[in-house]
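Spelled out from the first residue to the last, the chains are:
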Amino acid sequence: MGALEVLAILAAGVCAGTINTVVGSGTLVTFPVLLGFGYAPVVANVSNTIGLVPGSVAGAAGYRTELSGQRSRLLALGCASLSGGLSGAILLLTLPASAFKAIVPVFIVVALVLIVAQPRLTARLAKRRRDAPPHGGRWTLLAVFAAGVYGGYFGAAQGILLLAILGLSLDESLQRVNAVKIVLAGLVNLIAGVVFVLVAHVAWLPALLISIGSIAGGALGARVGRSLNPDVLRGVIVLVGVAAIGKLLL
């Protein structure tokens, strides 16, 4: 591996770690970089998933204030994410690598519409959200599980899907919802990474480089993300989501 490739993958890891912490969709940076350097799609996906796990840890550490008081919620939703991530990882190893790509843009569009409409929908759902259990109820658990399946399989824009689900389900600020999102997406990558280490081919040097970069990016993303007011953060989510859709379609 040449110096240019090392620097490019490392930089991609920093960008992905930052984007994942603030919004989600960091995979849309690292995955194409690995493909561009000649790695097969499944190997690139596997190595990328493993490499991004430390970035989620760094991002969650940066959001520890917002995570305070959400332990029971994280336990319930975390189990749903782990189950979904495990299922998605198994599907990746058994189905064609392109199986989800055709419908990913549709998922993102729906998620973005829900995120933009969230302030108005929140008022209508206020009573239901107050009466719901801390984790949002069984439909929230099912939706988080489904997002985990998708995240374990492909992962691009998993964070945006989670923000849409959690934003409508939980009676919390967008920043506290984002903190939960970081943990859940990290758990999906973790369980999928464990499966990949055991049974799949991993390009370890790229995974290590992405890991190093994502740690720096996760810490940076936490500092940036926590400083944004809800309207600005919502705008950033929409911009990243639209960019993700364009990248996937092209």
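Above this text is the structure in question.
Anyway, here's the lowdown on the structure attached to this text. Bear in mind that the values here come from a model prediction, so they are computed numbers and not experimental data.

The next subject is the overall build of the protein. Within the protein one finds eleven helices and zero strands. Secondary structure of the protein in N-to-C order comes out as α-α-α-α-α-α-α-α-α-α-α. Within the protein, buried positions represent 51% of all 250 residues. A separation threshold of at least 6 residues defines the contact pool for the protein, and within that pool the share at least 24 residues apart is 84%. Accessible area of the protein: about 11000 Å², with a carbon and sulfur share of 70%.

Counting 57 residues, the largest nonpolar core has Val46, Val144, Leu166, Leu184, Phe196 and Ile237 as the members making the most contacts within it. Here the element with the most residues in this core is helix H9 (residues 174-199); it accounts for eleven residues. Setting aside chain neighbours within four positions, we find Val46 in contact with Leu92, Phe196, Ala200, His201 and Val202.

A surface patch of nonpolar side chains, about 510 Å² in accessible area, is lined by Val42, Leu93, Leu190, Val194, Leu198 and Val199. Tallying contributions element by element places H9 first for the nonpolar patch, with four residues.

Right, let's get into the environment of Ala44. Locating Ala44 in the fold gives a position in helix H3 (residues 41-62). Of the residues examined, Ala44 reaches a relative accessible area of 1% and is grouped as buried. Considering only alpha carbons, one finds Ala44 and Val202, 158 residues apart in sequence, at a separation of 8.1 Å.

The relative placement of two packed helices is expressed as an angle between their axes plus a distance between the axes. Contact pair helix H5 (residues 71-94) / helix H7 (residues 138-153): the axes reach a minimum separation of 6 Å and the direction vectors enclose 35 degrees. In this structure, H5 crosses over H7, and the sense of that crossing is right-handed. Mapping the contact onto sequence places Ala76, Leu77, Ala80, Ser81, Ser83, Gly84, Gly85, Ser87, Gly88, Ala89, Leu91 and Leu92 in H5 and Thr140, Leu141, Val144, Phe145, Gly148, Val149, Gly152 and Tyr153 in H7.

It is worth spelling out helix H8 (residues 158-169) at this point. Between its terminal C-alpha atoms H8 stretches 17 Å, which fits the 16 Å expected from twelve residues at 1.5 Å a residue. Extensive coverage of H8 is indicated by the burial of twelve of its twelve residues. When H8 is considered as a whole, its buried residues turn out to be Gln158, Gly159, Ile160, Leu161, Leu162, Leu163, Ala164, Ile165, Leu166, Gly167, Leu168 and Ser169.

A rise of 1.5 Å per residue sets the reference length of helix H1 (residues 3-22), with its 20 residues, at 28 Å; its end C-alpha atoms lie 29 Å apart and thus fit the reference within 8%. The complete set of buried residues in H1 reads Glu5, Ile9, Ala12, Gly13, Ala16, Gly17, Thr18, Thr21 and Val22. Of the residues flanking the end of H1, it is Gly24, one or two places downstream, whose phi is positive at about 135 degrees.

This part covers the side chain of Gln175. With respect to the element layout, Gln175 can be found in helix H9. For Gln175, the side chain forms a polar contact with the main-chain oxygen of Leu228, separated by 2.9 Å. Residue contacts for Gln175: discarding those within four places in its chain leaves Tyr63, Glu66, Gly225, Arg226, Leu228 and Leu233.

Two elements in contact, H7 and H8, have axes whose closest approach is 10 Å; the angle formed by their N-to-C orientations is 175 degrees. Here H7 lies roughly antiparallel to H8, going by the angle between them. Side by side, H7 and H8 meet where Thr140, Ala143, Val144, Ala147, Tyr150 and Gly151 of the first sit next to Gln158, Leu161, Leu162, Ile165, Leu166 and Ser169 of the second. The residue inventory of the contact of H7 with H8, partitioned by class, reads eight nonpolar, four polar and no charged.

All right, on to the pattern of salt bridges then. Tallied over the entire structure, the rule returns three salt bridges. Here Arg226 ties to Glu66 by a salt bridge, and the two come within 2.9 Å at their closest N and O atoms. Taken together, the residues Arg226 in helix H10 (residues 204-226) and Glu66 in helix H4 (residues 64-67) connect sequence positions 160 residues apart. One salt-bridge network, held together by shared partners, links Arg73, Glu172 and Arg176.

Relative to the helices and strands, Gly137 resides in the loop between helix H6 (104-131) and H7. Owing to a relative accessible area of 11%, Gly137 belongs among the buried residues under this scheme. In the structure, Gly137 is positioned 60 residues away from Leu77 in sequence and 9.9 Å away in space, judged by C-alpha atoms.

A few words on the environment of Ala244. You can see Ala244 is positioned in helix H11 (residues 230-249). According to the relative accessible area criterion, Ala244 is buried, its value standing at 2%. Spatially, the C-alpha atoms of Ala244 and Thr27 are 9.8 Å apart, while their sequence positions differ by 217 residues. Those residues in contact with Ala244, other than ones at most four positions away along the chain, are Ser25, Leu28 and Ile108.

The rules behind each value
Residue numbers restart at each chain and count upward from 1, following the sequence in its written direction. The predicted nature of this model means local features are confined to residues of pLDDT at least 70 and side-chain atom pairs, given and counted, to a pLDDT of 80 or more, with totals for whole chains, interfaces and linings taken over all residues. With hydrogens and water excluded, all non-hydrogen atoms of the structure serve as input to the side-chain values. Secondary structure elements are defined from DSSP: runs of H or I of at least 4 residues count as helices, runs of E of at least 2 residues count as strands, and each element is numbered from the N terminus. Burial classes: relative accessible area under 20% of the type maximum marks a residue as buried, over 50% as exposed, and values in between as partly exposed (1.4 Å probe, protein chains only). Two residues form a contact once any of their heavy atoms are found within 4.5 Å. Every accessible area reported is derived by Shrake-Rupley at a probe size of 1.4 Å, with residue values counting cover from the shown protein chains alone. Nonpolar cores are built from buried Ala, Val, Leu, Ile, Met, Phe, Trp, Tyr and Cys residues. Side-chain atoms within 4.5 Å join them into one set. Only residues whose relative accessible area exceeds 30% and that form no salt bridge enter a patch; like-charged residues are grouped when within 9 Å of one another, and nonpolar side chains (Val, Leu, Ile, Met, Phe, Trp, Tyr) when within 5 Å. By salt bridge we mean one thing: a side-chain nitrogen of Lys or Arg within 4 Å of a carboxyl oxygen of Asp or Glu. Working convention: axes come from line fits to C-alpha atoms, limited for helices to the stretch in contact. Angles between N-to-C directions cover 0 to 180 degrees. Should the near helix be turned counterclockwise from the far one by less than a right angle, the crossing is left-handed, whereas a clockwise turn marks it as right-handed. A helix's residues, less one, multiplied by 1.5 Å, set its expected span. Any pair of N or O atoms that falls within 3.5 Å is considered a polar contact. Within protein, one atom must be able to donate a hydrogen and the other to accept it, and sequence-neighbouring residues count only if both atoms are side-chain atoms. Roughly parallel means an angle under 35 degrees; roughly antiparallel means over 145; roughly perpendicular covers 65 to 115; every other angle is labelled oblique. In this classification, Asp, Glu, Lys and Arg are treated as charged, Ala, Val, Leu, Ile, Met, Phe, Trp, Tyr, Cys and Pro as nonpolar, and every other residue, Gly included, as polar.

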